Amino acid sequence: MAGKPKMKIKKNDLVQVISGKDKGLQGKVISVDPERRRVLVEGVNRITKHVKAGQPGGGAGGIEVTEAPIHVSNVMIVDPETNKPTRIRIREDQVERNGRTKTVRTRVSVRSGKDLA
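Residues numbered from 1 in each chain as written. Predicted model: local features only at pLDDT ≥ 70, side-chain atom pairs only at ≥ 80, totals over all residues. Heavy atoms only, no water.

## Focus: the overall build of the protein chain
Here is step 1 of the chain: Each helix and strand counted, the protein chain has 0 helices and 10 strands in total.
Here is step 2 of the chain: Against the 2.2 N^0.38 benchmark of 13 Å for 117 residues, the protein chain shows a C-alpha radius of gyration of 18 Å, more extended than a compact globule.
Here is step 3 of the chain: With the C-alpha coordinates of the protein chain rotated into their principal frame, the extents come out at 60 × 30 × 25 Å.
Here is step 4 of the chain: A burial count over the protein chain gives 26% of its 117 residues as buried.
Here is step 5 of the chain: Taking as baseline every contact in the protein chain between residues at least 6 positions apart, the subset at least 24 positions apart corresponds to 43%.
Here is step 6 of the chain: When the accessible area of the protein chain is evaluated, it comes to approximately 8200 Å², of which 48% is carbon and sulfur surface.
Here is step 7 of the chain: Within the protein chain, one finds 25 positive and 13 negative side-chain charges whose respective centroids are separated by 3 Å. (Helix = DSSP H or I, 4+ residues; strand = E, 2+ residues; numbered from the N terminus. Rg over C-alpha atoms; globule rule 2.2 N^0.38 Å. Buried < 20%, exposed > 50% of the residue type's maximum accessible area, 1.4 Å probe, protein only. Contact = heavy atoms within 4.5 Å. Areas by Shrake-Rupley, 256 points an atom, 1.4 Å probe, with all protein chains shown as cover. Lys, Arg positive; Asp, Glu negative; His and termini not counted. Charge placed at Lys NZ, Arg CZ, Asp CG, Glu CD.)

## Points about the UniProt feature "domain: KOW" (unreviewed entry) in the protein chain
Here is step 1 of the chain: Under the feature "domain: KOW" (unreviewed entry), the UniProt entry names residues 8-35.
Here is step 2 of the chain: Helix and strand shares over residues 8-35 are 0% and 43% respectively, and the end C-alpha atoms of the span are 14 Å apart. (UniProt positions renumbered as here; feature names shortened; annotations may be inferred.)

## What about the pattern of salt bridges?
Here is step 1 of the chain: Counted by the stated rule, this structure contains 7 salt bridges.
Here is step 2 of the chain: Notably, a salt bridge pairs arginine 36 with aspartate 33, separated by 3.6 Å at the nearest N-O pair.
Here is step 3 of the chain: Assessed through its relative accessible area of 25%, aspartate 33 is described here as partly exposed.
Here is step 4 of the chain: The shortest N-O distance in the salt bridge between arginine 91 and aspartate 93 comes to 3.3 Å.
Here is step 5 of the chain: Take aspartate 93: its relative accessible area is 27%, and that puts it in the partly exposed class.
Here is step 6 of the chain: Linked through salt bridges whose partners overlap, the residues forming this network are Arg91, Asp93 and Asp115. (Salt bridge = Lys/Arg side-chain N within 4 Å of Asp/Glu carboxyl O.)

## Some thoughts on the pairing of strand S3 (residues 38-41)
One face of the sheet, then the other: side chains in a regular strand alternate in exactly this way.
Here is step 1 of the chain: Direction of pairing for strand S2 (residues 26-33) relative to S3: antiparallel, over a ladder of 4 bridges. Directly across from valine 32, in S3, lies its bridge partner valine 39.
Here is step 2 of the chain: Looking at chain direction, S3 and strand S6 (residues 70-71) are connected through 2 bridges and run antiparallel. From the neighbouring strand, valine 39 faces S6, where its bridge partner is isoleucine 70. (Pairing = 2+ DSSP bridges.)

## Some details on the layout of surface pockets
Here is step 1 of the chain: For the largest pocket, the calculated volume is near 210 Å³.
Here is step 2 of the chain: Lining the largest pocket are 13 residues, and of these Lys8, Ile9, Val72, Val75 and Ile88 lie nearest its centre.
Here is step 3 of the chain: Its residues assigned to classes, the lining of the largest pocket comprises 7 nonpolar, 2 polar and 4 charged. (1 Å grid on protein atoms, 1.4 Å probe; cavity = no way out; pocket = protein on both sides within 12 Å on 5 of 7 lines; lining within 4 Å. Points joined across faces, edges and corners; volume = space filled by probe spheres on them. Nonpolar A, V, L, I, M, F, W, Y, C, P; charged D, E, K, R; others polar.)

## Focus on the side chain of glutamine 16
Here is step 1 of the chain: Position of glutamine 16 among the secondary structure elements: in strand S1 (residues 14-17).
Here is step 2 of the chain: Note on glutamine 16: relative accessible area 15%, which makes it buried.
Here is step 3 of the chain: Among the polar contacts made by the side chain of glutamine 16, one reaches the side chain of glutamine 26 at a distance of 3.1 Å.
Here is step 4 of the chain: Among residues more than four places away in sequence, those in contact with glutamine 16 are Gly24, Leu25, Gln26, Asn74, Val75, Met76, Val78 and Pro85. (Polar contact = N/O pair within 3.5 Å; in protein donor to acceptor, adjacent residues only side chain to side chain.)

In structure tokens form, the structure reads like this:
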């Protein structure tokens, strides 16, 4: 695949898990990894990590609970109107600025037709 792979889910989107152990949970996307096709969702796919004390950048040792990345195919964006998972469509609008015509792409919810931020 040439270049960076495209992903329809962006940082700060509200998503719902549609498969796996956390099915049905909703959370905000913390980060996106397009190369590995994974997203990090707040409060979803929590794992326990055993951390050794005295490591550089780390404080006291112990057991930490953190989120692990989940594959992008296992999450769907939540429709802002119905609060249910939805697919995304891209709408292209022609906008004229300073005498030039520019194409603006907007993500749109398939379920309600509303624009996504």
